[in-house]
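# Examination of the molecular architecture
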Amino acid sequence: NVVLITLRYQYITEVFSGFGKKGKPAEQVGLEALDQATRYQASAAPVGEYLADQLMLPLAISAHLGHGGGVYRTTTLSGHSETHLDVIRKFLPVRIRIDPLGDNLVEVQIQA
């Protein structure tokens, strides 16, 4: 089983997923996706946890090429996001700043 929940807004679309496996009840698959979507909607972050790491590399390349990079707000960074930032730092000479803004909200800045 796979459950996908898509939330579309004017400037962003977030997709949340739940994946089944042998022995995992279908209800649990749905509840996992619902929990992700509910946590996102309850936060003040426009960018969700998993979209956050997907934005990092294009912004880092943009900054490196002199096109400005960017900034966005997201929920706390996942372990995958932290690893992604470490890899970017090793390959691109860009400035990365992570500023905690309060309850489950951080600002990510990637600039030349």
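Residues numbered from 1 in each chain as written. Predicted model: local features only at pLDDT ≥ 70, side-chain atom pairs only at ≥ 80, totals over all residues. Heavy atoms only, no water.

### Details of the environment of Gly20
The following threshold applies: Only DSSP runs of H or I with at least four residues qualify as helices, and only runs of E with at least two residues qualify as strands; both kinds are numbered from the N terminus onward. Whether two residues are in contact is decided by their heavy atoms: any pair within 4.5 Å suffices.
By the secondary structure assignment, Gly20 is in the loop between strand 2 (13-19) and helix 1 (26-42). Along the primary structure Gly20 and Val2 are separated by 18 residues, whereas in three dimensions their C-alpha atoms are 6.0 Å apart. What Gly20 contacts, discounting residues up to four positions off in sequence, is Asn1 and Val29.

### Re the pairing of strand 5 (residues 105-111)
Which entries qualify depends on this criterion: Three labels apply to residues, based on accessible area from a 1.4 Å probe with only protein chains included: buried if under 20% of the type maximum, exposed if over 50%, partly exposed otherwise in between. Pairing between strands is defined by DSSP: at least two bridges between the two strands are required.
Of all the seven residues making up strand 5, six are buried; the element is thus mostly covered by neighbouring parts of the structure. Looking at chain direction, strand 3 (residues 70-74) and strand 5 are connected through five bridges and run antiparallel. Among the inter-strand pairings, Val71 is bridged to a residue of strand 5, identified as Gln109. The pairing of strand 4 (residues 95-102) with strand 5 spans seven bridges and is classified as antiparallel. The partner of Pro100 across the bridge, within strand 5, is Val106. The turn linking strand 4 back onto strand 5 is made up of two residues, and Asn104 within it adopts a positive phi angle of 60 degrees.

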